[in-house]
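# An overview of the molecular structure
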Amino acid sequence: MSRQVPLPFAFNAELGFEQFHSGGNEETVAHLRRLAASPDEPLLYLWGGESSGKSHLLQACCREAHAAGLAVSYLPLALLIEYGSEVLEGLEQQDLVCLDDIDLLAGQPPWEQALFRLFNRLRDGGHRLMVSAGVPPAELSIALPDLKTRLSWGLTLMLRPLEDEDRLAALSLQARSLGLDLPPSVGRFLLAHYRRDLASLRQLLERLDQASLAAKRKLTIPFLKTYLEESS
């Protein structure tokens, strides 16, 4: 793995702000959209509970910045942590770097030091860093004092958890973005019988879209039950 050339970390171009149901997070989403391609904030810290939409919004910021002609990298640390802290080397050449789930780096000295160096290099180059976590900066279990201080320097935004009706609306919005007709009864069934995090639900919707097209059937609860039983 070369440390000299930025690695091609890609975001999901289908996850934009238009596909995100903000629920009670309208102000936070508006801030993110305004700052996605703006040099005003060298560091943005987005935090919220599980399934709050952090990953979606970081990728939406990447899409917005990319559309403005900026070089961006999105790093889902849950998938990359096993490759070692070297994955952060060279990323200071990007205009915007988005690190998802930095909680996973806490308490790991090589990662903490690599993130500290990356932030300093991005800032010195006039570039930006956006991170997401499950807790606010003060509660992040970072052992490196200078890094903990740096993470509190920028703008901190919080995502409130979605109520069930907002979660259903978010699911319906994602279905429409896929061209899939999702009746409310089917959406409620999914929320009651499947993993409730929106990332997993979107992946399921993508599979259901293909399955319903292949079977030439509408998405109904009987069809959904059969699909889930056969794919379990």
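Residues numbered from 1 in each chain as written. Predicted model: local features only at pLDDT ≥ 70, side-chain atom pairs only at ≥ 80, totals over all residues. Heavy atoms only, no water.

### Considering the packing of helix α7 (residues 184-193) against helix α9 (residues 221-231)
Packing of α7 against α9 brings their axes to within 10 Å, and their N-to-C directions diverge by 30°. Between α7 and α9, the interaxial angle falls into the category roughly parallel. For the element pair α7 and α9, the recorded crossing hand is right-handed. Here α7 contributes Ser185, Val186, Phe189 and Leu190 to the contact with α9, which in turn contributes Ile221, Leu224, Lys225 and Leu228. Of the residues in the contact of α7 with α9, the class split is six nonpolar, one polar and one charged. (Axes fitted to C-alpha atoms, helices over the stretch in contact; angles between N-to-C directions. Helix = DSSP H or I, 4+ residues; strand = E, 2+ residues; numbered from the N terminus. Parallel < 35°, antiparallel > 145°, perpendicular 65-115°, else oblique. Left-handed = near helix turned anticlockwise from the far one by under 90°. Contact = heavy atoms within 4.5 Å. Nonpolar A, V, L, I, M, F, W, Y, C, P; charged D, E, K, R; others polar.)

### Concerning the sheet that holds strand β3 (residues 96-100)
Here we have five strands laid out as an open sheet, ordered β2-β3-β4-β1-β5, and parallel in their pairing. The two strands at the open ends of the sheet, each matched to only one other strand, are β2 (72-76) and β5 (155-159). Across the sheet, the axes of successive neighbouring strands diverge by a mean angle of 15°, strand direction being ignored. Relative to strand β4 (residues 128-133), strand β1 (residues 43-48) runs parallel, the two being bridged by five bridges. For Leu43, the partnering residue across the bridge sits in β4 and is Leu129. (Pairing = 2+ DSSP bridges.)

### Some words on the packing of helix α6 (residues 164-177) against helix α8 (residues 198-215)
Put simply, α6 and α8 touch, their axes get as near as 10 Å, and they point 35° apart. Every pair of crossing elements has a handedness; the one defined by α6 and α8 is right-handed. In this structure, α6 contributes Arg167, Ala170, Leu171, Gln174, Ala175 and Ser177 to the contact, and α8 contributes Leu198, Leu201, Arg202 and Leu205.

### Examining the confidence of the model for the protein chain
Averaged over all residues, the pLDDT of the protein chain equals 89, while 96% of them reach at least 70. Counted against residues more than four places away or in other chains, residues 1-8, with its pLDDT under 50, gives 14 contacts. (pLDDT = per-residue confidence, 0-100.)

### Some thoughts on the pairing of β3
Successive residues of a regular strand alternate their side chains across the two faces of the sheet. With five of five residues buried, β3 lies mostly within the body of the structure. Residue alternation in β3 divides its side chains into two sets, Leu96, Cys98 and Asp100 and Val97 and Leu99, and both sets are buried. Of the pairings in the sheet, the one linking β2 to β3 comprises five bridges and is parallel in character. By the bridge assignment, Ser73 is partnered in β3 with Val97. For the crossover from β3 across helix α4 (residues 109-124) to β4, the handedness is right-handed. (Buried < 20%, exposed > 50% of the residue type's maximum accessible area, 1.4 Å probe, protein only. Right-handed = clockwise from strand over helix to strand, strands pointing away.)

### Focus: the nonpolar core
Leu75, Leu88, Val97, Leu99, Ile102 and Leu129 are the most contacted members of the largest nonpolar core, which has 27 residues in total. When contributions to this core are tallied by element, the ones reaching two or more residues are β1, α3 (77-80), β3, α4, β4 and α5 (145-151). It is α4 that provides the largest number of residues to this core, a total of seven residues. Leu129 has contacts with Pro42, Leu43, Leu44, Val97, Leu99, Leu115, Phe119 and Leu122, leaving out every residue within four places of it along the chain. Core analysis: the next-biggest nonpolar cluster, separate from the first, contains 23 residues, Leu178, Phe189, Leu205 and Leu219 among them. (Core = buried A, V, L, I, M, F, W, Y, C linked by side-chain atoms within 4.5 Å.)

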